[in-house]
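Okay, here's what each chain looks like letter by letter:
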Amino acid sequence: CNLKPLVLYLLVNLVLFALLLGIIYMNLYENNIENSHKDKLLKQATSISRKLSTIIADNDEESYTEYLQVLSELDTENTDIWTISNPSAISPMSSNLETIDITGIELPADFVKVINLAFSNITSFEKGYYEESGGLSAIMGFPINNGEVVGVVFLISQVIYQDNIIMDSMKLIAISIF
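The model shown is predicted, which means the values in this text are computed figures rather than measured ones. (Residues numbered from 1 in each chain as written. Predicted model: local features only at pLDDT ≥ 70, side-chain atom pairs only at ≥ 80, totals over all residues. Heavy atoms only, no water.)

### Quick word on the side chain of Ser 63
Take Ser 63: it is sitting in helix α2 (residues 61–74). Ser 63 sits in the buried class, given a relative accessible area of 15%. Engagement of the side chain of Ser 63 in a polar contact is seen with the backbone oxygen of Asp 60, the distance being 3.0 Å. (Helix = DSSP H or I, 4+ residues; strand = E, 2+ residues; numbered from the N terminus. Buried < 20%, exposed > 50% of the residue type's maximum accessible area, 1.4 Å probe, protein only. Polar contact = N/O pair within 3.5 Å; in protein donor to acceptor, adjacent residues only side chain to side chain.)

See below:
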């Protein structure tokens, strides 16, 4: 009869330990997925920026349209690619290379912040809920350099799959506890 409190105590400690371990694991897993997504966006933005810099230097705007077409065919995660000219540059990127004209468009504060940081030659990343992009999304701004920052590569990528993976993992942890 004296074993019941001891067994109950051990069960409670085991469940608390499993829950604590699960929470720690989920935080690490979520951070790892976010960092992986951020690295992927950075690689894409770097590649696009290099290509644009080459196109601007060679004055070969026609090849950029083909390049964008190839990118859109390769993209499986619906990443929107915006190229935006820097109006403050001495020689801004040609408007023919822009994929969007943001003049007069009211953008979310995070979009404006990331774009302005990229105009200042600073790569930045944010994650949040943006109705304009269909929900939870990651955004990245990367400068396009040609002696100065002539424009920005701005990527918008939905991260819905990340929440699905995390929820599935939480379910597995919950099942393993009980």
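### A word on a negative patch on the surface
A surface patch of like charges, here negative, comprises Asp 58, Asp 60, Glu 62 and Glu 66. With respect to the element layout, Glu 62 can be found in helix α2. (Patch = residues over 30% accessible without salt bridge, like charges linked within 9 Å, V, L, I, M, F, W, Y side chains within 5 Å. Areas by Shrake-Rupley, 256 points an atom, 1.4 Å probe, with all protein chains shown as cover. Salt bridge = Lys/Arg side-chain N within 4 Å of Asp/Glu carboxyl O. Lys, Arg positive; Asp, Glu negative; His and termini not counted. Charge placed at Lys NZ, Arg CZ, Asp CG, Glu CD.)

### Details of the pattern of salt bridges
Summed over all chains, the structure comprises two salt bridges. Across the pair Glu 34 and Lys 127 runs a salt bridge whose closest N-O atoms are separated by 3.4 Å. Placement of Glu 34 in helix α1 (residues 3–58) and of Lys 127 in strand β2 (residues 124–130) is noted, with a sequence separation of 93 residues between them. Judged by its relative accessible area of 24%, Lys 127 is partly exposed. Between Lys 113 and Glu 126 there is a salt bridge; the shortest N-O distance is 2.9 Å. With Lys 113 in helix α3 (residues 109–119) and Glu 126 in strand β2, this residue pair connects regions lying 13 residues apart in the sequence. On the basis of relative accessible area, Lys 113 is assigned to the partly exposed category, the value being 41%.

### Examining the sheet that holds strand β4 (residues 149–158)
If you walk across this open sheet you meet the four strands as β1-β4-β3-β2, and the pairing is antiparallel. For this open sheet the edge positions go to β1 (79–85) and β2, each flanked by a neighbour on one side alone. Between one strand axis and the next, the sheet turns through 20 degrees on average, direction left out of account. Looking at chain direction, strand β3 (residues 135–145) and β4 are connected through nine bridges and run antiparallel. Looking at β4, one finds that Gly 141 is bridged to Phe 154. In this fold α1 packs onto β1, β2, β3 and β4, with an angle of close to 35 degrees to the strand it touches most, β3. Sheet strands touched by α3: β1, β2, β3 and β4. Its angle to β4, the strand with the most contacts, is close to 145 degrees. (Pairing = 2+ DSSP bridges. Axes fitted to C-alpha atoms, helices over the stretch in contact; angles between N-to-C directions. Contact = heavy atoms within 4.5 Å.)

### Here we look at the nonpolar core
Core analysis: the biggest nonpolar cluster contains 19 residues, and Ile 48, Leu 52, Tyr 64 and Val 153 have the highest contact counts within it. Those elements giving two or more residues to this core turn out to be α1, α2, β3 and β4. Sort the elements by how many residues they give to this core and α1 lands first, with five residues. Excluding residues within four positions of it along the chain, Val 153 makes contact with Ala 45, Ile 48, Ser 49, Leu 52, Trp 82, Thr 83, Met 140, Gly 141, Phe 142 and Ile 144. (Core = buried A, V, L, I, M, F, W, Y, C linked by side-chain atoms within 4.5 Å.)

### Structural notes on a nonpolar patch on the surface
A cluster of nonpolar side chains, namely Leu 3, Leu 6, Val 7, Tyr 9, Leu 10, Leu 11 and Leu 14, defines an oily patch on the protein surface of about 730 Å² accessible area. Residue placement: Leu 6 occurs in helix α1. By relative accessible area, which is 45% here, Leu 6 ends up partly exposed.

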